[in-house]
Amino acid sequence: MRRIEYGIPEILEQEAFGHLHCLYTDIKYVLKVPIVNFIFRALAPYQTFLHIAWHQVRPNMLTTTMEREAEVLRYPDISFHPNTIKKWSDVYSAQTLDHLQKIIFTFNYVNPKLLLIATAWEEALSHRQIKGTSKAESYIKPGIIQGLPNIPLLQVSDAPDSIRELLMDIKNTEHTYDVASDFRALAYYPDFLEVAWKATKPFIGSEEYVLKKNNLVNQARKAVSRMPYPVLITPEHLRYHYPGHDIAGIMGLINMFKHFIAGLLIDLECFRRILNM
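Residue positions are given per chain, counted from 1 along the sequence in the order it is written. Confidence filtering applies because this is a predicted model: local features only for residues at pLDDT of at least 70, side-chain atom pairs given and counted only at 80 or more, and all residues used for totals across whole chains, interfaces and linings. Each side-chain value is derived from all of the structure's non-hydrogen atoms; neither hydrogens nor water enter the calculation.

A. Representation of the nonpolar core in the model. Residue types Ala, Val, Leu, Ile, Met, Phe, Trp, Tyr and Cys, when buried and joined through side-chain atoms within 4.5 Å, form a set referred to as a nonpolar core. Exposure categories follow from relative accessible area, calculated using a 1.4 Å probe and restricted to protein chains: below 20% of the type maximum is buried, above 50% is exposed, and the middle band is partly exposed. Core analysis: the biggest nonpolar cluster contains 104 residues, and Leu31, Phe40, Leu43, Phe49, Trp121, Phe192 and Phe271 have the highest contact counts within it. For the purposes of this entry, the term helix denotes a DSSP run of H or I that reaches at least four residues, the term strand denotes a run of E that reaches at least two, and both are numbered from the N terminus. Broken down by element, this core gets its largest block of residues, 17 residues, from helix α11 (residues 244-275). For this analysis, residues touch if any pair of their heavy atoms sits within 4.5 Å. With residues up to four places along the chain from it excluded, the contact list for Phe192 reads Trp88, Tyr92, Leu100, Ile104, Leu186, Phe271, Ile274 and Leu275.

This is the structure in structure tokens:
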């Protein structure tokens, strides 16, 4: 695990070996995206938990039932309309714009699934186990969606001063402990990220934003109750593997990411609209 000066400890994809590397590969295969998202990298130091917890949600994430529940959460209905019009073709080549579109699509696609996963884990760890409906209508084909690019993440400590300041402003405005993968990926496109963030920032913290974020959390809680297969992990199960302070750390991370991801669903919908102006 890399050493960090601030933020949430995580194990990056290039640092994962052995069983963890296999687990990361499977996560990408099942969720159909070319990136292991922050929630998994942050929980990877608790590798035993991540193995157990992932294999409890895995069969659910391969069902059309959960694919449809994720679709309901995707692209939140918000009133946000960017008032800054920018012709992105004047800034980026057609090839770069296509790449940028695919990065935003990737996060918009996977974030609702991550919200469902975090919610399912929190429900089970709060002794509200998901018993499963045993009603999986059909299954989706696993495998990374064809045409999606590799998505590198800029580490905040390695970023140029101006980009680091922008990422820190995002973190502080979002009241998060670290910078989401979404923004770290988009930091390689600083012209877009700066404009998109400047347009989105006033919307964050608005009454509508807070209400929509809470609604997404509540929708996800109802959705996981319809999972076809059980998610039954409890703190008691974890006591065979971890001391109490580690269990509290795991539960705290999951709760944090649940709210973190709900906000990202709104943020990336704003970014999608800005890119498509």
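B. Representation of the environment of Met251 within the structure. Counting through the fold element by element, Met251 comes out in helix α11. Taking the C-alpha atoms as reference points, Met251 and Lys86, separated by 165 residues in sequence, lie 42 Å from one another. Excluding residues within four positions of it along the chain, Met251 makes contact with Leu125 and Pro235.

C. Region of the structure containing the side chain of Glu269. By the secondary structure assignment, Glu269 is in helix α11. Residue classification places Glu269 among the buried residues on the basis of a relative accessible area of 2%. Counted as a polar contact is a pair of N or O atoms within 3.5 Å, where, for protein atoms, one must be capable of donating a hydrogen and the other of accepting one, and residues adjacent in sequence contribute only when both atoms are in side chains. Here Arg272 takes part through its side chain, which lies 2.8 Å from a polar atom of the side chain of Glu269.

D. View of the packing of aromatic side chains. A pair of aromatic rings is counted whenever rings of Phe, Tyr or Trp (Trp by its six-membered ring) have centres within 6.5 Å, and the orientation is called stacked for planes under 30 degrees apart, edge-to-face for over 60 and tilted otherwise. Applying the stated criterion across every chain, the model contains 16 aromatic pairs. Judged by centre distance (6.4 Å) and plane angle (65°), the rings of Phe38 and Phe260 are edge-to-face. A residue pair is termed long-range when its members are at least 10 positions apart, and Phe38 in helix α2 (residues 38-43) and Phe260 in helix α11 qualify at 222 residues. Here Phe38 and Phe260 have matching classes, each one buried. Pairing Phe183 with Trp197 gives two aromatic rings, centres 6.3 Å apart and planes at 70°, and the pair type is edge-to-face. Of the two residues, Phe183 sits in helix α7 (residues 181-186) while Trp197 sits in helix α8 (residues 190-200), which places them 14 residues apart along the sequence.

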